[in-house]
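Overview (structure and organization)
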Amino acid sequence: MTRSFRTATTGLAVALMLTGITASAHGFMGLSPWQTGIPGRLIQLRGTVVCTGCTLVEARRLQHDTYGNHFYLVTSPQGQLVLNLQAVSNPLWFDTVTFPRFSLRGEEGVLQPLSAPDTQAKEVELTGLLTTPRTLDVSAVIIQAPTPQTLDVSEAQTRQ
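Here's what I pulled together on the structure shown here. All of these numbers come straight from a predicted model, not from anything done at the bench.

**Observations concerning the packing of aromatic side chains**
Scanning all chains against the criterion turns up 3 aromatic pairs. Ring pairs connect the aromatic residues Tyr72, Trp93 and Phe102, which therefore count as one cluster.

Right, here's the structure in full:
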């Protein structure tokens, strides 16, 4: 009787131990890859603001580009705009942002320049952390001044 009790107790202890190991392994698998601090989520986007306060359809009509798959509708608490995306620093962007729209989150002072009407047709650079599949936590916005057209010296001489 004692021997069978000892065998049963040992078997039960082993079963509980294996169950505990399996449960903790499954617990690790449940972590979200979108948690902040996971490397590879820092993204820099560069593009041109097509229009502010418009939709994708209106932007495509303005640009005469009905199939513009590089246009993205960008929403933020300050409003929305359409960005003609020209460069992305991390190819992970195209794996996670599968729809042509995403949201920006950030401090009001950082995002405010994007919603200004005078940003239209200017090149912008956004730097941030991709925290969910379609949300970019913006840490920096750079708006490039339009480059003035340069006049070639040979053209200037022919005009005189």
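**Things to note about the sheet that holds strand 3 (residues 79-88)**
Around the barrel, 6 strands lie side by side as 1-3-2-4-6-5; this closed barrel has mixed pairing. Mean inter-strand twist for the sheet, computed between neighbouring axes without regard to direction, equals 45°. As defined by bridge partners, strand 4 (residues 101-105) adjoins strand 6 (residues 135-143) across 3 bridges and the pair is classed as parallel. Paired with Arg105 across the bridge in strand 6 is Asp137. Most of the contacts of helix 2 (residues 56-63) go to strand 2 (residues 71-76), to which it runs at about 135°, and overall it touches strand 1 (42-52), strand 2, strand 3 and strand 4. In the packing of helix 4 (residues 108-115) onto the sheet, contacts are made with strand 1, strand 2, strand 3, strand 4, strand 5 (123-132) and strand 6, and the angle to strand 6 comes to roughly 65°.

**So, unusual backbone geometry**
Despite not being glycine, Ala121 shows a phi value in the positive range, around 70°. By the element assignment, Ala121 lies in the loop between helix 4 and strand 5.

Rules of the game
- Residues numbered from 1 in each chain as written.
- Predicted model: local features only at pLDDT ≥ 70, side-chain atom pairs only at ≥ 80, totals over all residues.
- Heavy atoms only, no water.
- Phe/Tyr/Trp six-rings, centres within 6.5 Å; stacked < 30°, edge-to-face > 60°.
- Pairing = 2+ DSSP bridges.
- Helix = DSSP H or I, 4+ residues; strand = E, 2+ residues; numbered from the N terminus.
- Axes fitted to C-alpha atoms, helices over the stretch in contact; angles between N-to-C directions.
- Contact = heavy atoms within 4.5 Å.

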